[in-house]
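# Structure at a glance
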Amino acid sequence: MNSFSWIFIAALGASVVLKLWLARRQINSVSSNRAQVPDAFADKIQLDAHQKAADYTLTNTRHGRIELVYGSLLLLGWTLGGGLQWLDSLWQQTGWGEITTGVALMISAFVIMALLDLPFSLYHTFVTEERFGFNKTTVGTYISDMLKQALLMLILGVPLAWAALWLMQESGGLWWLYLWLLWASFSLLMLWAYPAVIAPLFNKFTQLENEQLQQRIQTLLDRCGFKSKGIYVMDGSRRSGHGNAYFTGMGQNKRIVFFDTLLETLEPDEIEAVLAHELGHFKRKHVQKRIVIMMLSSLAGLALLGWLIDQPWFYQGLGVEQGSNALALLLFLMVTPVFTLFLQPLSSWFSRKHEFEADDYAAKQSSAADLIRALVKMYKENASTLTPDPLYSAFYDSHPPAPVRVAHLSTKMG
């Protein structure tokens, strides 16, 4: 261990303490407000629904604390505990070339990480979600999804990992810039291809059949200047009782997607208001802004790695005796979240700002009252708490808390 080891331990410990403290605040806030529906929602949500949301939130938050401690111990095991060093030593014994060995190391590490996280995923799906009436996933579907995800990782991950390691080995001191160009191109390709190629592997997408609703939606799209490849309904009810709506894709490959569960819950006016909100993200160029931020942050991260990769203390401080390109990538991906935790509230703030802007757009193009009714139904159906802790919400939540969001929309009613 060296000085960087202690810096890493201190940063990890501080992040765990902070997250546990925030979780405790969230539990206290939700518990203390469980007995009564907030005044702003008293005539909209029944007490039993409010208490279900509270219990659902408390359950997930308490389990999240266990998962946090578990994940932190695993991170210590992978790094200072010698886990990555041990795995790398196993692959080095094969006698393969550096790039092939590096790809095998990276893929096997990701597989092992996924398997170690599997108990939490199973518990959440088949215990927590089942208990609160959300789970619709069968064991067969769960296994099928896992196999598809593994196959996609091999089909996409192996060539990408090989190309990344080849660039790091062959392209000189500016390898990090060329790797960023590769990553940026791959990310944009996936954004474009996801709705047409990847998403249909997991869900069935059908064209919206309700002609009256379809015409209403098309009128809104024309009014907002939005062109898409179609309006689709996704069989979300096959896996979950949660409902949502989104648009996906890039360029001429944009799609509007409604969960079938959402269409069953909302009235046509409310569906139009939800869609207007999603279109607000498009009109305010939120997707483009997020892509730019993602690209710039990944460029900065790879530039930093371009310096760290030649620093022996980086590897030795994280439990690795002899560095390599593959180990550098893995270590960087593992420990970066520990040192960038302070960016989380900033990211959440930007996201909530975008949600307010999309709500403002929806209020102009549709109806603030209809959007409020839709949101209240979605809060109820998804068991979203109405009483989150403000600090917890500011740190984690990508959407404004329910009372704040509804109060903001209420000012747009006139």
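Cut-offs and rules
- Residues numbered from 1 in each chain as written.
- Predicted model: local features only at pLDDT ≥ 70, side-chain atom pairs only at ≥ 80, totals over all residues.
- Heavy atoms only, no water.
- Helix = DSSP H or I, 4+ residues; strand = E, 2+ residues; numbered from the N terminus.
- Polar contact = N/O pair within 3.5 Å; in protein donor to acceptor, adjacent residues only side chain to side chain.
- Contact = heavy atoms within 4.5 Å.
- Salt bridge = Lys/Arg side-chain N within 4 Å of Asp/Glu carboxyl O.
- Buried < 20%, exposed > 50% of the residue type's maximum accessible area, 1.4 Å probe, protein only.
- Pairing = 2+ DSSP bridges.
- Axes fitted to C-alpha atoms, helices over the stretch in contact; angles between N-to-C directions.
- Expected span 1.5 Å × (residues − 1).
- Phe/Tyr/Trp six-rings, centres within 6.5 Å; stacked < 30°, edge-to-face > 60°.
- Lys NZ or Arg CZ within 6 Å of the ring centre and 35° of its normal.

Another aspect to go through is the side chain of Asp 389. When you line up the elements, Asp 389 lands in the loop between helix H14 (368-381) and helix H15 (390-396). Reaching out from Asp 389, the side chain makes a polar contact with the side chain of Arg 25 at a distance of 3.0 Å. Discounting chain neighbours no more than four positions away, the residues touching Asp 389 are Arg 25, Gln 26 and Ser 29.

Right, let's get into the pattern of salt bridges. Considering all chains together, one arrives at 14 salt bridges under this definition. Residue Glu 272 pairs with Arg 216 through a salt bridge whose shortest N-O separation is 2.5 Å. Taken together, the residues Glu 272 in helix H9 (residues 268-283) and Arg 216 in helix H7 (residues 211-224) connect sequence positions 56 residues apart. Judged by relative accessible area, which is 12%, Glu 272 ranks as buried. On the basis of relative accessible area, Arg 216 is assigned to the partly exposed category, the value being 32%.

Here the focus is the sheet that holds strand E3 (residues 245-248). Ordered by their spatial adjacency, 4 strands build an open sheet running E1-E2-E4-E3, and the pairing between neighbours is mixed. Edge positions in the sheet fall to strand E1 (205-207) and E3, since each of these pairs with one other strand and no more. Across this sheet, the average inter-strand angle for adjacent strands is 35°, counted without regard to direction. Relative to strand E4 (residues 255-259), E3 is paired through 4 bridges, and the arrangement is antiparallel. Residue pairing across strands places Phe 247 opposite Ile 256, the latter belonging to E4. Of the strands in this sheet, E3 and E4 touch H9, which is tilted by about 35° from E3.

Here helix H10 (residues 286-308) contains 23 residues, and its C-alpha end-to-end distance of 33 Å stays within 8% of the 33 Å for a straight helix at 1.5 Å per residue. By the burial criterion, the buried members of H10 are His 286, Ile 291, Met 295, Ser 298, Gly 301, Leu 302, Leu 305, Gly 306 and Leu 308. Buried positions along H10 lie against helix H6 (175-198), H9, helix H11 (312-316), helix H12 (325-339) and helix H13 (343-365).

Our next topic: the packing of aromatic side chains. For the coordinates displayed, the defined rule picks out 15 aromatic pairs. Judged by centre distance (6.0 Å) and plane angle (15°), the ring pair of Phe 4 and Phe 339 falls under stacked. One end of the pair, Phe 4, is in helix H1 (residues 3-32); the other, Phe 339, is in helix H12, with 335 residues separating them in the sequence. In this structure Phe 339 comes out as partly exposed when scored by relative accessible area, which is 31%. Between the aromatic rings of Tyr 70 and Phe 120, the centroid separation amounts to 4.9 Å while the plane-to-plane angle is 50°, which identifies the pairing as tilted. Note that Tyr 70 is positioned in helix H2 (residues 47-78) and Phe 120 in helix H4 (residues 98-131), a separation of 50 residues in sequence. Note on Phe 120: relative accessible area 22%, which makes it partly exposed. Connected via pairs of aromatic rings, a cluster forms that spans Phe 4, Phe 8, Trp 307, Trp 313, Phe 314, Tyr 315 and Phe 339. One cation-aromatic arrangement involves Lys 52 over Phe 134; the distance from NZ or CZ to the ring centre is 4.7 Å. In this structure, Lys 148 is placed above the aromatic ring of Phe 202, and the distance from its NZ or CZ to the ring centre is 5.8 Å.

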